[in-house]
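# Results of the structural survey
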Amino acid sequence: MGPVASPPVALYIHVPFCVSLCPYCDFVVVAGAAARGPRARVEAFVAALLVELSLRADALDAAFPAGRPPLETVYLGGGTPSLLPSQSLAAILDTVRARFGIADDAEVTVEANPGPDEHGDAAAMRASGVTRLSIGAQSMSASGLRRLGRRHRVVDVVRTVGEARQAGITSISLDLLYDVPDASLADWIDTLETALDLEPDHLSLYALTLDDPDAEGLTGPGGDHLPTSSGARRWRDAARPAQDEDRAAAQYHHAVHRLGADGWRGYEISNWARPGHESRHNLVYWQRRPYEAVGPGAHAFDGVTRRWSAARLEGYLATLGAGVLPPGGSETPGPEAAVAETVILGLRTDRGVPLATAHEPPLDDAFGWALAAELLEVTAGDRVVLTTRGRLLSNELFSRLV
């Protein structure tokens, strides 16, 4: 008997609005007049989202008539969820609470841009049940923010962290980018130190990737990405030559040693946490547990089948305005693909996979090569984990496993 679908333990809510669109961003985002002002679509989006939440809950009630456990995590990502009016955020979380249930000790995260007109009301977030704020700092220097086309300043990050602490939000994460065009190792060291001075609980450190979702066929009418603008395409074409793999590796190595020396746990390739502050929501993904998702471009997984909604906002609003679930697609990985996915997701984390996995497909063929190349190591507890070099070259290993 194969795997069976299970009720979700987590919920992802995609809020697709930003004040402006960063040139490197491939997330499902609409910016400018749609995000604020007389032609803003935020109110219409929230109304549609509440309908989708109810329709998804109805489907889960039908699929699991014996009942479902309350959610362990809720994550509002984007986009800029902190742009939502406080009453809209409260209405969304009240609907989730009523239709899905939220555990008493649940982690409830909101992503925020730190700009002065978009960082949101931390006290209102906390009153709505938010326990964790993920702040898109990206850089902690004026020059780094300019390179990335960001609107905010370093002082805005400082203020956003301070307001979240004062409001009683108990876990604060900062996102930072390395391999930024023309940014030196010294620039990265300064950004990391300035971020650490704010005493965050969690850091997500991502290599700047400049993909082409159009070329990958992801931006059609039913696709889960939006087409790349001509301005963003020009920016990326100019930025790629100013990136450097060796410099990026040095920046990553510095973070590993600096954070490790300070007691941080690098619990996933791109994520570090102080003890007890790991992102429980993201661990659901890496542990391949079931999660629900709503909003344009959002992906869900029931333990067997992956489902996604189309990215285009107008289609999303139109279908839900008619009381119908939005368009999208789904796929059910076969047994071999599911095993490969489990191994790859496991290797992304510092727990790795059991040693027995190394003697079974798909890891068995690549295991010897990966050990010799110093990409993998075996711990004293008989777990196979990525080395720091393996984390840097993980895509090369993972491509051999699929």
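Below: a short report on this structure.

Conventions we followed
- Residue numbers restart at each chain and count upward from 1, following the sequence in its written direction.
- The predicted origin of the model limits local features to residues at a pLDDT of at least 70 and limits the giving and counting of side-chain atom pairs to 80 or more, whereas totals for whole chains, interfaces and linings rest on all residues.
- For side-chain calculations, the full set of non-hydrogen atoms in the structure is used, while hydrogens and water are omitted.
- For helices the rule is a DSSP run of H or I covering at least 4 residues; for strands it is a run of E covering at least 2, with both sets numbered from the N terminus onward.
- A simple rule labels every residue: compare its accessible area, found with a 1.4 Å probe on the protein chains alone, to the largest value its type can have, and call it buried under 20%, exposed over 50%, or partly exposed in between.
- The positive count covers Lys and Arg only, the negative count covers Asp and Glu only, and His and the chain ends enter neither.
- For this analysis, a salt bridge means a side-chain nitrogen from Lys or Arg found within 4 Å of a carboxyl oxygen belonging to Asp or Glu.
- Two N or O atoms form a polar contact when they lie within 3.5 Å of each other; inside protein one atom must be a possible hydrogen donor and the other a possible acceptor, and for residues adjacent in sequence the pair counts only when both atoms belong to side chains.
- The contact definition used throughout considers only heavy atoms, calling two residues in contact when any of these lie within 4.5 Å.
- Note: two strands are recorded as paired if DSSP finds a minimum of 2 bridges between them.
- Within 6.5 Å between ring centres, the rings of Phe, Tyr and Trp (the latter by its six-membered ring) count as paired, and their orientation is classed by plane angle as stacked under 30 degrees, edge-to-face over 60, tilted in between.
- Only when the NZ of Lys or the CZ of Arg is both within 6 Å of the ring centre and within 35 degrees of the ring normal is a charge said to sit over the ring.
- Fitted lines through C-alpha atoms give the axes, limited to the stretch in contact for helices. The angle between two N-to-C directions lies from 0 to 180 degrees.

Looking at the element boundaries, Arg132 is found in strand β6 (residues 132–138). At 4.2 Å, Glu107 is the nearest oppositely charged side chain to Arg132, a buried residue that forms no salt bridge. In terms of polar contacts, Arg132 uses its side chain to reach the side chain of Thr109, at 3.5 Å. Ignoring any residue separated from it by four or fewer positions in sequence, one finds Arg132 in contact with Tyr75, Glu107, Val108, Thr109, Val110, Ile169, Ser171, Ser173, His202 and Ser279.

The next subject is the pairing of strand β13 (residues 306–309). Bridge count between strand β12 (residues 299–301) and β13: 3 bridges; the pairing is antiparallel. Across the sheet, residue His299 finds its bridge partner in β13, namely Trp308. Linkage of β12 to β13, two consecutive antiparallel strands, is achieved through a turn of 4 residues, within which Gly303 is found at a positive phi near 95 degrees. Bridging between β13 and strand β14 (residues 328–331) involves 4 bridges; their strand directions are antiparallel. The residue bridging Trp308 from the neighbouring strand is Gly329, located in β14.

A separate point is the packing of aromatic side chains. To describe a pair of aromatic rings, one takes the distance between the centres and the angle between the planes. The full count for this structure, using the stated rule, is 10 aromatic pairs. On the basis of an interplanar angle of 50 degrees and a centroid distance of 6.2 Å, the ring pair of Tyr291 and Phe301 is categorised as tilted. Of the two residues, Tyr291 sits in strand β11 (residues 291–294) while Phe301 sits in strand β12, which places them 10 residues apart along the sequence. Using a relative accessible area of 2% as the deciding quantity, one classes Phe301 as buried. Put simply, the rings of Tyr178, Trp188, Tyr252 and Trp272 pair up and form one aromatic cluster. The ring of Phe301 is capped by Arg306, whose NZ or CZ atom sits 4.0 Å from the centre of that ring. The ring of Trp369 has Arg400 lying over it, and the distance from NZ or CZ to the ring centre is 3.6 Å.

Spatial ordering of the open sheet is given by β15-β17-β16, a layout of 3 strands whose pairing is antiparallel. With partners counted over all chains shown, the strands left at the sheet margins are β15 (353–354) and β16 (376–378), one partner each. With 3 bridges connecting them, β16 and strand β17 (residues 383–386) associate as antiparallel partners. Residue Val378 lies in a different strand from β17, and its bridge partner there is Val384. Of the strands in this sheet, β15, β16 and β17 touch helix α12 (residues 363–372), which is tilted by about 95 degrees from β16.

Keep in mind these numbers describe shape, not what the thing actually does.
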